Amino acid sequence: MSAASKKSKTQRLKERWENGELDCGAMTPEFIKGLSPRELGMLGELITIDYFNERGYTLLEQGYRCTEGEADLVLLDELDDVVVMAEVKTRRVALDCTTRVFPEEAVDAQKQRRYRRIASCYLMEHYPLKAIRFDAVGVTIRGGHIAEIEHQYNAFDWQVVMAFETFAVHAACIRGVEAIHVTVEVSLAGGVPGIQMLGIPSMEVMESRGRIRCAMRSAGFEIPRSGITVNLAPGDIRKTGSGFDLPIAIAVLAADGQIPRDNLDRCLIAGELGLDGTVLPVKGEVAFQLLARDLGLSFIAGRSDQHVPLAGVDCGFIDHLSQLAHGMGDAARHYLDSEGVEATFEPELDYADVLGQEVAKRGMALAAAGELGLLMIGSPGSGKTMLARRMTGILPELSVEDQQEALCIHSVLGENIDGLLAGHRPFRSPHHSISTAGLIGGGRPVHPGEISLAHGGVLFLDELAEFPTGVLQTLRQPIERGYVRIVRVDGAFTFPSRFQLLAASNPCPCGFFPDRNRCSCTEAQIQGYL
């Protein structure tokens with residue numbers, strides 16, 4: 001079989017065109033009607049190539065192919081010094097038909113995303129090439145007439161695609177009781193489809209990959225069919241929490257051109273994504289707002305029922321990922337004054353409700369005035385806990401600084417903040433089975449303990465004698481210094497811990513000493529109990 005017989009019909013059509021055998025006389029209605037769809041597309045591309053050549057363009061490739069798809073034409077616009085990918089839409093019409101092909105018919109949202117991935121492949125193969133423009137061409141072929149061409153310059157409304165381009169947004173993670181600034185960088189540089197996480201992500205951050213995929217699909221976005229590299233900088237701090245879902249999803253969508261990039265660099269973003277695309281709030285909103293204020297950024301997250309408006313912070317929320325289709329400016333909504341947490345709380349307990357106990361109440365007042373610790377010893381039911389719970393009612397009001405610190409600590413742990421907003425001091429009463437980490441802080445990741453939750457208020461240790469001695473000994477330094485410093489392998493953490501210490505205990509294991517008619521404890525048990 002000869003080489004000529006092995007050539008496809010489109011190859012032979014291309015050779016005839018290049019040899020000048022196809023002119024207006026040869027392109028009769030019968031000839032045009034007999035072309036297959038592939039031959040018709042080839043003819044439209046050949047006509048378009050001549051059109052571009054007449055305007056000073058140079059053909060680089062026809063039918064460029066990569067793993068992401070095929071581009072009709074790749075040309076060099078020498079006037080603008082930019083590489084152009086052209087999509088050609090060809091249609092044959094009757095001689096007397098007035099229908100024409102418009103370039104807009106060759107462009108839709110799905111094709112834009114496909115061409116962006118094709119462009120990324122082309123740029124990687126032709127590094128250090130930096131930019132590509134996208135044009136659309138409509139070719140209308142009528143038998144016996146010169147084809148009519150409509151050319152749309154920069155058809156996709158975005159011109160430059162950078163090779164190995166990264167797009168970054170501002171995010172944060174909680175470290176102790178502070179929010180640490182984290183830059184979420186995303187690169188769609190090709191490779192095997194999937195999301196690769198860098199920057200010491202924890203397990204909950206790694207799990208965000210599945211939530212992001214489901215949320216993007218539910219919100220109507222397309223998951224990029226290329227390798228996605230996510231870098232959480234700085235790389236020497238372990239990243240924890242589910243608040244990276246939203247910033248990673250936004251960075252991926254912005255890098256892929258599916259959402260506008262306007263105003264994204266002015267926002268600190270934190271939020272968890274539901275599988276249906278719903279944006280959920282995360283713990284530590286107060287800490288995030290303080291960081292956003294320090295950085296001069298707006299704070300964007302999911303709608304929170306525990307929202308605390310802070311002075312100097314522009315705070316907004318997003319309900320669903322799909323709202324970002326038209327940009328952050330249209331998606332983010334601001335809290336109304338009525339949507340914040342109202343500073344309403346049940347009235348504080350008052351010593352006026354306590355009948356008698358004048359000596360005990362006098363002792364509580366003296367301890368409050370001198371910021372002294374107080375130990376109450378008495379039989380069960382004598383009123384020790386009742387007196388301790390009313391201690392916060394005679395303490396001075398919280399200063400703005402102490403209230404802000406207390407709000408930050410409670411927000412990080414997801415604790416209720418209604419009382420703090422109402423101006424009440426915190427009151428914490430842990431059970432005597434509490435561990436050292438639960439009392440002074442610790443765990444993985446490291447969280448503040450009960451002494452920090454009592455910061456600015458009262459820490460009440462009921463049944464003091466039942467607490468392990470080792471746990472009580474850890475209170476020495478926090479009481480002396482007003483803060484606790486915890487050192488772990490991933491760094492040092494400092495938590496505020498200025499609190500009023502109250503304690504209560506029974507006089508013996510049974511609680512009824514010195515009433516020997518009711519107390520059955522031995523002298524050794526009594527001596528060893530306190």
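Structural data are supplied above this passage.
The present account deals with the structure reproduced in this document. Please read all numbers here as calculations on a predicted model, not as lab measurements. (Residues numbered from 1 in each chain as written. Predicted model: local features only at pLDDT ≥ 70, side-chain atom pairs only at ≥ 80, totals over all residues. Heavy atoms only, no water.)

1. Points about the sheet that holds strand β23 (residues 500-505)
Here is step 1 of the chain: An order of β16-β23-β20-β17 is seen for the 4 strands of this open sheet, with the pairing classed as parallel. Only two strands of the sheet have a single neighbouring strand rather than two, namely β16 (374-377) and β17 (427-428).
Here is step 2 of the chain: Pairing of β16 with β23, which is carried by 4 bridges, proceeds in the parallel orientation. Note that in β23 the partner of I377 across the bridge is S505.
Here is step 3 of the chain: Sheet strands in contact with helix α11 (residues 358-370) are β16 and β23, and its direction is about 160° off that of β16. (Pairing = 2+ DSSP bridges. Helix = DSSP H or I, 4+ residues; strand = E, 2+ residues; numbered from the N terminus. Contact = heavy atoms within 4.5 Å. Axes fitted to C-alpha atoms, helices over the stretch in contact; angles between N-to-C directions.)

2. Examining the pattern of salt bridges
Close approach of charged atoms lets side chains of opposite charge pair.
Here is step 1 of the chain: For the coordinates displayed, the defined rule picks out 12 salt bridges.
Here is step 2 of the chain: In this structure, the salt-bridge partner of R333 is D319, at a minimum N-O distance of 3.3 Å. Linking R333 in strand β15 (residues 333-334) with D319 in the loop between β14 (315-317) and α10 (328-331), this pair joins segments that are 14 residues apart in sequence.
Here is step 3 of the chain: Residue classification places R333 among the partly exposed residues on the basis of a relative accessible area of 40%.
Here is step 4 of the chain: Residue D319 is classed as partly exposed on the basis of its relative accessible area of 24%.
Here is step 5 of the chain: Note that R428 and E450 form a salt bridge whose closest N and O atoms lie 2.8 Å from each other. Within this pair, whereas R428 is found in strand β17, its partner E450 is found in helix α16 (residues 450-453), the two being separated by 22 residues in sequence.
Here is step 6 of the chain: Note on R428: relative accessible area 16%, which makes it buried. (Salt bridge = Lys/Arg side-chain N within 4 Å of Asp/Glu carboxyl O. Buried < 20%, exposed > 50% of the residue type's maximum accessible area, 1.4 Å probe, protein only.)

3. A closer look at the nonpolar core
Here is step 1 of the chain: By size, the foremost hydrophobic cluster in this structure holds 42 residues, and its most contacted members are V184, V186, V230, F244, I250, L321 and M328.
Here is step 2 of the chain: Here this core gets 9 residues from one element, more than from any other, and that element is helix α8 (residues 245-255).
Here is step 3 of the chain: With near-sequence residues (within four places) excluded, V230 lies in contact with V184, E185, V186, I195, Q196, M197, L198 and I248.
Here is step 4 of the chain: Grouped together as the second largest cluster of nonpolar side chains are 29 residues, V286, F288, L398 and L421 included. (Core = buried A, V, L, I, M, F, W, Y, C linked by side-chain atoms within 4.5 Å.)

4. Topic: the sheet that holds strand β5 (residues 148-152)
Here is step 1 of the chain: One open sheet accounts for 5 strands, arranged β1-β2-β3-β4-β5; its pairing is mixed. Two strands bound the open sheet, and with one partner strand each, they are β1 (57-66) and β5. This sheet shows a mean twist of 30° between the axes of neighbouring strands, independent of strand direction.
Here is step 2 of the chain: Relative to strand β3 (residues 82-93), helix α4 (residues 37-54) is tilted by about 130°, and along the sheet it contacts β1, β2 (69-77), β3, β4 (132-142) and β5.

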